[in-house]
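Chain residues, written in single-letter form:
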Amino acid sequence: METDLREAGFNHKIETIDKMEVITGDYMWGQQNDTFTVVGDDLIASSYFVKMGTEETDDLSFKSERLMAKTDFFRALKDLRVGSWERKYVDESVMDATQWSVRIYFNHGLEVLTIEGSNDYPDNMEEFNRVFDLNVFDDADVDDEGEFVEL
């Protein structure tokens, strides 16, 4: 019931989204930053990587390109049921692995939606990764419960 209400509230304001940021970090390699910005009728994706222990960005991993139409972006978020996701996913049995967050910014000063995790993920995170062309989970796989495990 709470999940349905959370999802309905998200879907009600979905067309007011300005930007989505996906940040993934690992103690060993660094932090991947992917930003999806609504510009007119398009969704523009940009990405950069910050090496662990430095302020240095990896220019080779920077990209900025049109990913999809704005309407497809909104539909993808609805189809993935991002609005129903818990606000926090944590597997306390694992230390020093992947930390991640999804931040969704709305126009008109609406509150930022933050979903974050530490070594635990929503069941459909692999599909989210595929839809938004994210490279952040390339070295992982999903077990039967939908949690990512190192290969």
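As a reminder, the structure under discussion sits directly above these lines.
Since we're looking at a predicted model, the values are computed, not measured.

*Asks:* Report on the overall build of the chain, specifying residues and quantitative values.
*Replies:* Scanning the chain from terminus to terminus reveals 3 helices and 9 strands. Residue pairs in contact within the chain that sit at least 24 positions apart in sequence constitute 53% of those at least 6 positions apart. When the accessible area of the chain is evaluated, it comes to approximately 8,800 Å², of which 47% is carbon and sulfur surface.

*Asks:* Now, about the environment of V94: what can you tell me, with residues and values included?
*Replies:* Along the polypeptide, V94 turns up in the loop between β5 (88-90) and β6 (98-106). Under the relative-accessibility criterion, V94 is labelled partly exposed at 33%. Residues V94 and D120 lie 26 residues apart in sequence; the distance between their C-alpha atoms is 9.2 Å.

*Asks:* Break down the packing of aromatic side chains for me, citing the residues and quoting the values.
*Replies:* Taken as a whole, this structure holds 8 aromatic pairs when the rule is applied. Between the aromatic rings of F73 and F74, the centroid separation amounts to 5.7 Å while the plane-to-plane angle is 40 degrees, which identifies the pairing as tilted. Given the relative accessible area of 7%, F74 is considered buried. Pairwise contacts between aromatic rings join F36, F73, F74, W85, F128 and F132 into one cluster. The positively charged end of K13 is found above the aromatic ring belonging to F106, 4.5 Å away from the centroid. Across the ring face of Y105, the terminal group of K19 is positioned such that the distance to the ring centre comes to 4.8 Å.

*Asks:* How would you summarise the pattern of salt bridges if you had to cite specific residues and measurements?
*Replies:* All chains considered together, the criterion is met by 7 salt bridges. Two residues, R6 and E2, come together in a salt bridge whose shortest N-O distance is 3.2 Å. Remark: E2 and R6 occur in helix α1 (residues 2-12); sequence separation between them is 4 residues, near one turn of the helix. You can call R6 buried: its relative accessible area is 16%. Between R130 and E127 there is a salt bridge; the shortest N-O distance is 3.7 Å. Of this pair, R130 and E127 both sit in helix α3 (residues 125-131), 3 residues apart, which is roughly one turn of the helix. With relative accessibility at 58%, the residue R130 sits in the exposed group. Put simply, E2, R6 and E86 are held in one network by salt bridges that share partners.

Reading the values: rules and limits
- Residues numbered from 1 in each chain as written.
- Predicted model: local features only at pLDDT ≥ 70, side-chain atom pairs only at ≥ 80, totals over all residues.
- Heavy atoms only, no water.
- Helix = DSSP H or I, 4+ residues; strand = E, 2+ residues; numbered from the N terminus.
- Contact = heavy atoms within 4.5 Å.
- Areas by Shrake-Rupley, 256 points an atom, 1.4 Å probe, with all protein chains shown as cover.
- Buried < 20%, exposed > 50% of the residue type's maximum accessible area, 1.4 Å probe, protein only.
- Phe/Tyr/Trp six-rings, centres within 6.5 Å; stacked < 30°, edge-to-face > 60°.
- Lys NZ or Arg CZ within 6 Å of the ring centre and 35° of its normal.
- Salt bridge = Lys/Arg side-chain N within 4 Å of Asp/Glu carboxyl O.

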